[in-house]
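Descriptive analysis of the structure
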Amino acid sequence: MSALKTVLVGFGKIADTMRHDARMARFFPDSSHAQILARHDAFDWIAVVDPSAEALERAAGEWNVGACVAEIADLQGRETIEAAVIATPPQHRCAILDELPGLRAVLVEKPLGGTVDEARAFVEECSRRSIAVQVNYWRRAVPVFQALASGGLEEEVGDVQAVFGLYGNGLLNNGSHLVDFLRMLCGEIEGIDGCGRADNAKQSSVPGDIQTACLLRLANGAHASLMPADFKAWREVGLDIWGTKGRLSILQEGLTVARYRVVENRGLENEMEIDSGSVNVRDVDVGHCLEGMYDSLAGDLFGTSALLSPAGEALASESIVHEIAARSRKTD
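To start, this report covers the structure provided alongside it. Predicted model only: the values in this text are computed from it and were never measured.

The rules behind these values
Residues numbered from 1 in each chain as written. Predicted model: local features only at pLDDT ≥ 70, side-chain atom pairs only at ≥ 80, totals over all residues. Heavy atoms only, no water. Helix = DSSP H or I, 4+ residues; strand = E, 2+ residues; numbered from the N terminus. Rg over C-alpha atoms; globule rule 2.2 N^0.38 Å. Buried < 20%, exposed > 50% of the residue type's maximum accessible area, 1.4 Å probe, protein only. Contact = heavy atoms within 4.5 Å. Areas by Shrake-Rupley, 256 points an atom, 1.4 Å probe, with all protein chains shown as cover. Lys, Arg positive; Asp, Glu negative; His and termini not counted. Charge placed at Lys NZ, Arg CZ, Asp CG, Glu CD. Salt bridge = Lys/Arg side-chain N within 4 Å of Asp/Glu carboxyl O. Arc of directions from axis to C-beta. Expected span 1.5 Å × (residues − 1). Pairing = 2+ DSSP bridges. Axes fitted to C-alpha atoms, helices over the stretch in contact; angles between N-to-C directions.

Description of the overall build of the chain
Within the chain one finds 9 helices and 16 strands. Against the 2.2 N^0.38 benchmark of 20 Å for 332 residues, the chain shows a C-alpha radius of gyration of 21 Å, consistent with a compact globule. Principal axes of the C-alpha set define a box for the chain whose edges measure 75 × 40 × 40 Å. By residue count, 52% of the 332 residues in the chain fall in the buried class. For the chain, restricting intrachain contacts to residue pairs at least 6 apart in sequence, the fraction spanning at least 24 positions comes to 67%. Accessible surface, the chain: about 15000 Å² in total, of which carbon and sulfur atoms supply 48%. Between the averaged position of the 31 positive side-chain charges in the chain and that of its 48 negative side-chain charges there is a distance of 3 Å.

This is the structure we're talking about:
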């Protein structure tokens, strides 16, 4: 099957300029959509849409993209576009779909919408038109995390008893990653048992985003507390999972997994404890997760593999995030 004619809508940080972060490049050799699209056999990158003249000049000059326009309506032959990579803020994404009647596939950045209704409308429209949707919750494309989700976590820690999570720069931004990762590893979230006050997340890439603490109830009855952090001090988007057989910490934004085992309690006879002084640390190869998202989307279209982060899973995660935000605002 021939490569899909592809447009990249939004040509900012995640679409292109993040690749200039030299330190990130050590761990994410492919940190931007442009790097993947420039070489992927399944996608024929023919157009960029962005209102910024500087972004369009960069797309044409650095990436040799043939059609670089400010609006999708300005794109000649847009009815022949088969795939869209959407890297814009979440508002008005259904309007993007309306402008591209020939779409077969979408790879979209989170969140799916500025509200849960917007997110649901986007998913429903894609479903109605039989458009395959991959949402870039990139941890779902990391083999180590896939293995944990497929039974490895239970082998490592037993039954989950408590989870502690940290995120920053916005609930809809990084918080949505954390909620989706929690669902991936620990199963469904059955309820929200508490929320803190909503504070403005000024550093978030999502307009109107907030930061808040929350307590989530997992299907097995255990709880996960997610806490906001100020990234001006340090960055972290991670989970610390305590189970009946041990503890697993996934920290440094997914780059490190630390395992702690259960041993005899040092202070009491006939009791056990997590040995926090003895840890097995291993690095995680996350560098090809974005390419994995593209491979998975192509595989779904060509019938060779399933989507790693389908719209339904993303909508389930984001529905929880939007509910957290709504409850948090009511506490003000």
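Quick notes on the pattern of salt bridges
Under the defined criterion, the tally for this structure stands at 23 salt bridges. With a closest N to O distance of 2.9 Å, R327 and E323 form a salt bridge. One end of the pair is R327 and the other is E323, both in helix 9 (residues 311-330) and 4 residues apart, which spans about a single turn. What you see here is one network of salt bridges that share partners, running through D16, R19, E54, R58 and E62.

Points about helix 3 (residues 53-63)
A55, L56, R58 and A59 are the residues of helix 3 that are buried. Viewed end-on, helix 3 has its buried residues packed into an arc of 160°, placing them on one side of the element. Within helix 3, the exposed residues directed more than 90 degrees away from the buried face are A53, E57 and G61. In this structure, the buried residues of helix 3 make contact with strand 2 (43-49) and strand 3 (67-69).

Regarding helix 5 (residues 116-128)
Under the 1.5 Å per step criterion, the end-to-end length of helix 5 is 18 Å for 13 residues, consistent within 8% with the ideal 18 Å. For helix 5, the secondary structure elements touched by its buried residues are strand 4 (83-86), helix 4 (93-98), strand 5 (105-108), strand 6 (132-135) and helix 9. In the stretch just after helix 5, S130 is the one whose phi turns positive, near 55°.

Re the pairing of strand 1 (residues 4-9)
Judged by how many residues are buried, strand 1 sits mostly within the fold: 5 of 6 residues are covered. Of the pairings in the sheet, the one linking strand 1 to strand 2 comprises 6 bridges and is parallel in character. Following the sheet pairing, K5 is matched in strand 2 by D44. As judged from the 4 bridges shared by strand 1 and strand 4, these two strands associate in the parallel manner. Across the sheet, the residue bridging to L8 is V85, located in strand 4.

Notes on the sheet that holds strand 14 (residues 246-251)
Ordered in space as 8-11-12-7-13-14-15-16, the 8 strands form an open sheet in which the pairing is mixed. The outermost strands of the open sheet, each flanked by one partner alone, are strand 8 (189-195) and strand 16 (272-283). For this sheet, the mean angle separating the axes of adjacent strands, direction not counted, is 20°. Bridging between strand 7 (residues 160-168) and strand 12 (residues 223-229) involves 7 bridges; their strand directions are parallel. Residue pairing across strands places L166 opposite M227, the latter belonging to strand 12. The strands touched by helix 6 (residues 143-157) are strand 7, strand 13 (238-243), strand 14, strand 15 (256-264) and strand 16; relative to strand 14, the strand with the most contacts, the crossing angle is about 150°. The strands that helix 7 (residues 171-186) touches are strand 7, strand 8, strand 11 (214-218), strand 12, strand 13 and strand 14; relative to strand 7, the one it contacts most, it runs at about 160°.

The values are spatial; any link to function lies outside them.
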